[in-house]
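In case you want the letters, here they are:
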Amino acid sequence: MHDLKLIRDDPDAFDRGMTARGLEPVAREILDLDQRRRAAQTEMQDLQSRRNAASKEIGQKKKAGEDAEPLMAEVARIKDRLGALEGEEAATGEALDSYLVGLPNLPMDDVPVGADEAANVEIRRVGEPLRHDFEAKQHFEIGEALGLMDFETAARMSGARFVLLKGALARMERALAAFMLDTHTGENGYTETLPPFLVRDNALFGTGQLPKFSEDLFRTTSDHWLIPTAEVPLTNIGAETVWEADDLPMRYTAWTPCFRSEAGAAGRDTRGMIRQHQFSKVEMVSIVHPDRSEEELERMTGCAEDLLKRLGLAFRTVMLSTGDMGFGARKTYDIEVWLPGQDRYREISSCSNCWDFQARRMKARFKTPGEKGTRFVHTLNGSGLAVGRTLIAILETYQQADGTVAVPEVLRSYMGGIARIEPAR
């Protein structure tokens, strides 16, 4: 949600931000609706004041035995007009709110302007892209050859874009989640959370998935939605609340399954685990003071990058362009891990600063002692990391010529000391 005062103060800057997002200028339409609503509100206030004064005069005239009919007729006309104004004010307010909730967040000044991922800017690269001295396989070829990754059985149960992991690969998925959570809670200052996996409309509205992106979600018959990411319940911890400034920052992490319809992904990544209807992810969410959100984004991105360093996986970090950035983000870093089997980088984490965009939608505020009023917090979210994609990267990076897969040193204690994954017997 956008701050109307900022649009009133500098409509040209707002239009520049929307144009950078690939949209037409909209400030004029917004301000027209705003002016009509405010005019109705002002007239209503004036009429209510006049009605109160006239009602008082009617009482005085009746008490004095004077004719109060003209005043009574005026009050009746005011009542009719107020009814019409109330309808107009409600209609313009609804139209204005509907307009605003459909608009994406404004990009920060340093975000590259462009229509799509081609305009993304590489910030740094860590590790050399590995090229094996044998023909590298993709993760699904490795997993199926091991007998531990089963798409056929999953499809019989659930259809396309599902997988059944078994044995050491199922254990590795669990090990990765535990490793990520232990690092975030033990070293990075996040509080581990186990949130609901089902949420109502208001939670998804608050983080920006509704109403615009309902087709990307799964809905139950009980009017709940399956979460597309733990960002939704974790960020909503701050909803409808006024926090003390000393409570900030609040940092949460959670492992959850995530559910996405992949409505726009027809024909993309149809083989393997890259793009599934159900996957698991460890999420990081920060709720911070507005003055600290920019440095918090750098911190959060560093937390995600550190996990990849410890796992020995090569990656690069890119700043997303205005056309590739998510709806609620003001600035986003994507971390892309190197996949030798695909011979390319693929996204494994996305860390975004949403400023007060989500906080306005969910009414998450804070107050500072000695200051009047409240302010909206800033919210940030990031993958730390996508567990399935991390497993993919390990399979492709640590694959051996004989078909086995080495286990990264940092994971071995989580894997019961297993150093190598061999074919199932």
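Residues numbered from 1 in each chain as written. Predicted model: local features only at pLDDT ≥ 70, side-chain atom pairs only at ≥ 80, totals over all residues. Heavy atoms only, no water.

Peer 1: What is the right way to read the nonpolar core from this model?
Peer 2: One recurring pattern in soluble globular proteins: nonpolar side chains tend to sit buried together. Met149, Met172, Leu176 and Ile421 are the most contacted members of the largest nonpolar core, which totals 53 residues. Among the elements that take part in this core, helix α7 (residues 167-186) stands out by supplying nine residues, more than any other. If we skip the residues at most four places from it in the chain, methionine 149 touches His139, Phe140, Gly143, Glu144, Val163, Leu164, Leu165, Leu169, Met273, Leu391 and Leu395. (Core = buried A, V, L, I, M, F, W, Y, C linked by side-chain atoms within 4.5 Å. Buried < 20%, exposed > 50% of the residue type's maximum accessible area, 1.4 Å probe, protein only. Helix = DSSP H or I, 4+ residues; strand = E, 2+ residues; numbered from the N terminus. Contact = heavy atoms within 4.5 Å.)

Peer 1: Help me understand the packing of aromatic side chains in this model?
Peer 2: Aromatic ring pairs are described here by two measures, namely the spacing of the ring centres and the angle between the planes. Scanning the entire structure with this criterion turns up four aromatic pairs. With a centroid separation of 6.3 Å and an interplanar angle of 70°, the aromatic rings of phenylalanine 179 and tyrosine 414 are classed as edge-to-face. Of this pair, phenylalanine 179 sits in helix α7 while tyrosine 414 sits in the loop between β17 (405-406) and β18 (420-421), and the two are 235 residues apart along the sequence. Phenylalanine 179 sits in the buried class, given a relative accessible area of 2%. A centroid spacing of 5.7 Å and a plane angle of 75° characterise the contact between phenylalanine 327 and phenylalanine 357, whose relative ring orientation is edge-to-face. Of this pair, phenylalanine 327 sits in the loop between β11 (315-319) and β12 (331-339) while phenylalanine 357 sits in helix α11 (residues 357-362), placing them 30 residues apart in sequence. Look at phenylalanine 327 and you get buried, because its relative accessible area is 12%. Chaining the aromatic ring pairs together yields one cluster made of Phe213, Phe327 and Phe357. Above the plane of the ring of tryptophan 355 lies arginine 330, whose end atom (NZ or CZ) is 4.0 Å from the centre. (Phe/Tyr/Trp six-rings, centres within 6.5 Å; stacked < 30°, edge-to-face > 60°. Lys NZ or Arg CZ within 6 Å of the ring centre and 35° of its normal.)

Peer 1: How should I be thinking about the pattern of salt bridges in this particular structure?
Peer 2: Once their charged atoms are close, side chains differing in charge can pair, the charge on each being opposite to the other. Applying the stated criterion to the full structure yields 30 salt bridges. A salt bridge links aspartate 9 to lysine 5; the shortest N-O distance between them is 2.8 Å. Pair noted here: aspartate 9 and lysine 5 are both in helix α1 (residues 4-9), with a separation of four residues, about one helical turn. One salt bridge connects aspartate 150 with lysine 166, and the closest N-O pair in it is separated by 4.0 Å. Taken together, the residues span a long stretch of sequence, with aspartate 150 in strand β2 (residues 149-150) and lysine 166 in the loop between β3 (164-165) and α7 at a distance of 16 residues. What makes lysine 166 partly exposed here is its relative accessible area of 35%. Overlapping salt bridges bring together Glu122, Arg125, Arg316 and Glu336 as one network. (Salt bridge = Lys/Arg side-chain N within 4 Å of Asp/Glu carboxyl O.)

Peer 1: I tried to follow the packing of helix α2 (residues 11-20) against helix α3 (residues 27-64) on my own but got confused; where do I start?
Peer 2: Relative orientation and spacing of two packed helices are given, respectively, by the angle between their axes and the distance between those axes. One way to put it is that α2 packs onto α3 with a least axis distance of 9 Å and a crossing angle of 130°. Of the possible angle classes, the one that applies to α2 and α3 is oblique. Contacts between α2 and α3 pair Pro11, Phe14 and Asp15 from the former with Ala27, Ile30 and Leu31 from the latter. Counted by class, the contact of α2 with α3 contains five nonpolar, no polar and one charged residues. (Axes fitted to C-alpha atoms, helices over the stretch in contact; angles between N-to-C directions. Parallel < 35°, antiparallel > 145°, perpendicular 65-115°, else oblique. Nonpolar A, V, L, I, M, F, W, Y, C, P; charged D, E, K, R; others polar.)

Peer 1: Help me out: how do you make sense of the sheet that holds β12 in this one?
Peer 2: Two pairing modes exist for strands in a sheet, parallel and antiparallel, and in both the strands are linked by backbone hydrogen bonds. Overall, mixed pairing links the eight strands, which are arranged β1-β11-β12-β13-β16-β10-β9-β4 in an open sheet. With one partner strand each, in any of the chains shown, β1 (121-126) and β4 (191-192) form the two edges of the open sheet. In this structure, strand β9 (residues 250-259) lies alongside strand β10 (residues 278-288), joined through ten bridges in antiparallel fashion. Note on β10: the bridge partner recorded for arginine 251 is serine 286. Set on the sheet, helix α12 (residues 387-397) makes contact with β9, β10, β12, β13 (344-353) and β16 (378-386); between it and β16 the angle comes to about 35°. (Pairing = 2+ DSSP bridges.)

Peer 1: Help me out: how do you make sense of the packing of α7 against α12 in this one?
Peer 2: Where α7 meets α12, the axes come as close as 10 Å, and the angle between the chain directions of the two elements is 115°. For α7 against α12, the interelement crossing comes out right-handed. Within the contact between the two elements, α7 uses Leu169, Met172, Glu173, Leu176, Ala177 and Met180 and α12 uses Val387, Gly388, Thr390, Leu391, Ile394 and Leu395. A class-by-class count of the residues in the contact of α7 with α12 yields nine nonpolar, two polar and one charged. (Left-handed = near helix turned anticlockwise from the far one by under 90°.)

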